[in-house]
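Coordinates in review
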Amino acid sequence: MRILNAQQMAQMDRYTIHELGVPGLLLMENAGMAVVRAITERVRPHQALAILCGKGNNGGDGYVIARLLYLQGYAVTIFHAGRPSTDDSRLNYDIAQRLRIPVMPLEAFEPQCFFAVVDALFGTGLERPIEGVFASAVEAANGVALRFAVDIPSGVCGTTGRLLGTAFNAHFTVTMEYPKRGHYLYPGANLRGELLVAPIGISSHALPPEAPHLVDQLRGALPRRNGDSHKGTFGHLLCVGGTVGKAGAIRLGAKAAMETGCGLVSVASNHQVVQSLQFAEPEIMSVIVPCYDSLLPEGDSASHVLEHPYDAMVIGPGGGRHSRLVQFYWEVIQGASCPVVIDADALYCEDEDRNDILEAIIRRSNGTVLTPHPKEFERLTGTPLPELESCKLDIAREWALKLGCTLVLKGARTTVAWSNGDVYLLDCPNAALAKGGSGDVLAGIIGSLLAQGMDADRAALEGCKLHALAGQIMSQRHGSYSGGPLKHIQSIATAIAQFEEEVQV
Ligand SMILES: NC(=O)C1=CN([C@@H]2O[C@H](COP(=O)(O)OP(=O)(O)OC[C@H]3O[C@@H](n4cnc5c(N)ncnc54)[C@H](O)[C@@H]3O)[C@@H](O)[C@H]2O)[C@@H](O)CC1
Ligand SMILES: [K+]
């Protein structure tokens, strides 16, 4: 399934109507019928229903809905803002009038008189904040017991998920043909209720190739494991990071990697971290990074780490931000001839170092996955946070293409952008994962898949899906309060069992 912005949806409507010759009225009828199906499953004919109609085609859908319900004996009243401005909508308004369906001005809408309300005020054509009589109607409608939105709740921008003025808070949203970005981007995503996607006859021929993919099924592919294998078959991952005080981060990454099937996992860190890890995790090997004191690497520490050929590296969890440490990470990253996941403190840069770091990413040719959370991405690229939230799909694509790498933008709806510009939005928000350590687990899972031979793009996408599925299993077992990274790692085995297929990598 692909998700569109408002402009892309309008383009596809136009193509279907003007290039293919499908009448717009037919699409509007289909849209209205789809919403009516959702309503009649939940509302009985005697229960009073208000239909709020705007002046554009969203309002046109509203007039169709009113007619179809009225003809089935439903007690409907239309509230509108005057004669519609589009031909198709006008035609449907005129039919409603001829049928003598009650039509009232928007100002007359009294929410307490209705059991259910249908918001057909604004759809993808919303272009400025809702004000005046429209705003009052939306606010009043939010007091009705059962609320349906046509296409997208009025007040939510279909492209960015931003709220423009006030916004309708729906229990159900029936959207036409493709889900819109505003259904998934916050804060608008909080207002759509249950989302129903209705085919209305829009052709996919004009689907823009850059439209992001929606990942709502947590199924996927993992590297095949044949019987004639040994520990070397499934790769050797090196996890670089961990400082005193944050030793747990690198331990979580390494454990998650082991649990995801990696043959050998080593941790490179300072003496104290390695010592604590040796006792706690006997299956994990280690490399002691030579240090000036117990914390900061010595001059040739990177070459010491790079001596051994690894199949993949995860660099940064729990690392610390001292300039010498960051320099060490980048010496390792630049020297590594294997794919790398660059995470956490390895993504930290001072403003004056930004260009050098971005250049270093561009120069890499062995597979690079960046896994920033929004703050880390802001610092790395200079993209302000508010812009990132509302345009994250485009921004992720732009930076993955610019840097020639795979980008995982972590968050409630994690976005994965492939180095070829394909973008995937994961639709599996899970409050149980909003805890320190979740990102370390993700880095370890992706690193593990890289070490087992998956390419960077696939490893990032499948790794995010596996991480999300394990997170769901964990929260089913322990709830959203008591889950945590260690329990998350323990759920990876069950998640793997539910992942569908194995592929040859
Ligand atoms: N033929 C088509 O294009 C189809 C469109 N459909 C429906 O049409 C919707 C899009 O229709 P439109 O493009 O006509 O747009 P809308 O119906 O969403 O609204 C656009 C109208 O509202 C005005 N407007 C925008 N923001 C405003 C604000 N804040 N305050 C006051 N007025 C404002 C615009 O000037 C325009 O007149 C879709 O969401 C969908 O529900 C469906 O009927 C399927 C077919
Ligand atoms: K609407």
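Keep in mind that what you see is a predicted model, and the values were worked out from it rather than measured.

What about the site of ligand 1?
- In the vicinity of ligand 1, 21 residues are found, and the nearest of them are Asn58, Asp61, Gly123, Arg128 and Asp151.
- With respect to ligand 1, the side chain of Asp13 contributes an N or O atom lying 3.0 Å from an oxygen atom.
- Between ligand 1 and the protein, one listed contact pairs a nitrogen atom with a backbone N or O atom of Pro129 at 3.2 Å.
- Considering ligand 1 on its own, with 870 Å² of exposed area, one finds that the protein chains cover 83% of that surface.
- Elements with a contribution of two residues or more to the shell around ligand 1: α1 (6-19), α2 (24-40) and α3 (57-71).
- If you tally residues by element for the shell around ligand 1, the top one is α3, at three residues.
- Looking at the shell around ligand 1 residue by residue, the class counts come to nine nonpolar, seven polar and five charged.

Regarding the packing of aromatic side chains
- Enumeration over the complete set of coordinates arrives at nine aromatic pairs.
- Ring centres 5.9 Å apart and planes at 35° place the aromatic pair Phe109 and Phe114 in the tilted group. For the residue pair Phe109 and Phe114, the accessibility class agrees, reading buried in each case.
- An aromatic cluster is built from Phe79, Phe109 and Phe114, whose rings are joined through pairwise contacts.
- Residue placement shows Arg192 over the ring face of Tyr184; its charged tip is 5.0 Å from the ring centre.
- Seen from the ring of Phe234, Arg225 lies directly overhead, with NZ or CZ sitting 3.7 Å from the centre.

Digging into the UniProt feature "binding site: K(+)" (unreviewed entry) in the protein chain
- UniProt tags Asn58, Asp119 and Ser154 as "binding site: K(+)" (unreviewed entry). Annotated residues spanning 97 residues; largest pairwise C-alpha distance 9.6 Å, indicating a single compact cluster.
- Along the polypeptide, Asn58 turns up in helix α3.
- Apart from residues lying up to four places away in sequence, Asn58 is in contact with Asp119, Ala120, Leu121, Phe122, Gly123, Val150 and Asp151.

Section: α1
- With 14 residues, α1 ought to run about 20 Å at 1.5 Å a step, and its terminal C-alpha atoms sit 19 Å apart, in line with that.
- Taken together, the buried positions of α1 are Ala6, Gln8, Met9, Met12 and Thr16.
- Each element contacted by the buried residues of α1 is listed here: α2 and β6 (172-176).
- After α1 finishes, the residue Gly21 shows a positive phi value of roughly 85°.

Observations regarding the coordination of the potassium ion (ligand 2)
- Protein coordination at the potassium ion (ligand 2): the donors are Asn58 (OD1), Asp119 (O), Asp119 (OD), Phe122 (O), Val150 (O) and Ile152 (O), at 2.7 to 3.1 Å from the metal.
- Between the six donor atoms coordinating the potassium ion (ligand 2), the angles at the centre fall across 68 to 146°, so the site counts as irregular.
- Read from N- to C-terminus, the donor residues coordinating the potassium ion (ligand 2) fall into the pattern N-x60-D-x2-F-x27-V-x1-I. Separated by 92 residues along the polypeptide, Asn58 in helix α3 and Val150 in strand β5 (residues 146-150) bring together distant segments of the chain.

Definitions and limits used
- Residues numbered from 1 in each chain as written.
- Chains lettered and ligands numbered in written order.
- Predicted model: local features only at pLDDT ≥ 70, side-chain atom pairs only at ≥ 80, totals over all residues.
- Heavy atoms only, no water.
- Near = heavy atom within 4 Å.
- Polar contact = N/O pair within 3.5 Å; in protein donor to acceptor, adjacent residues only side chain to side chain.
- Areas by Shrake-Rupley, 256 points an atom, 1.4 Å probe, with all protein chains shown as cover.
- Helix = DSSP H or I, 4+ residues; strand = E, 2+ residues; numbered from the N terminus.
- Nonpolar A, V, L, I, M, F, W, Y, C, P; charged D, E, K, R; others polar.
- Phe/Tyr/Trp six-rings, centres within 6.5 Å; stacked < 30°, edge-to-face > 60°.
- Buried < 20%, exposed > 50% of the residue type's maximum accessible area, 1.4 Å probe, protein only.
- Lys NZ or Arg CZ within 6 Å of the ring centre and 35° of its normal.
- UniProt positions renumbered as here; feature names shortened; annotations may be inferred.
- Contact = heavy atoms within 4.5 Å.
- Expected span 1.5 Å × (residues − 1).
- Donors = N, O, S within 2.8 Å, 3.2 Å for Na, K, Ca; no water.
- Tetrahedral: all angles 85-135°; square planar, octahedral: opposite > 155°, others 65-115°.

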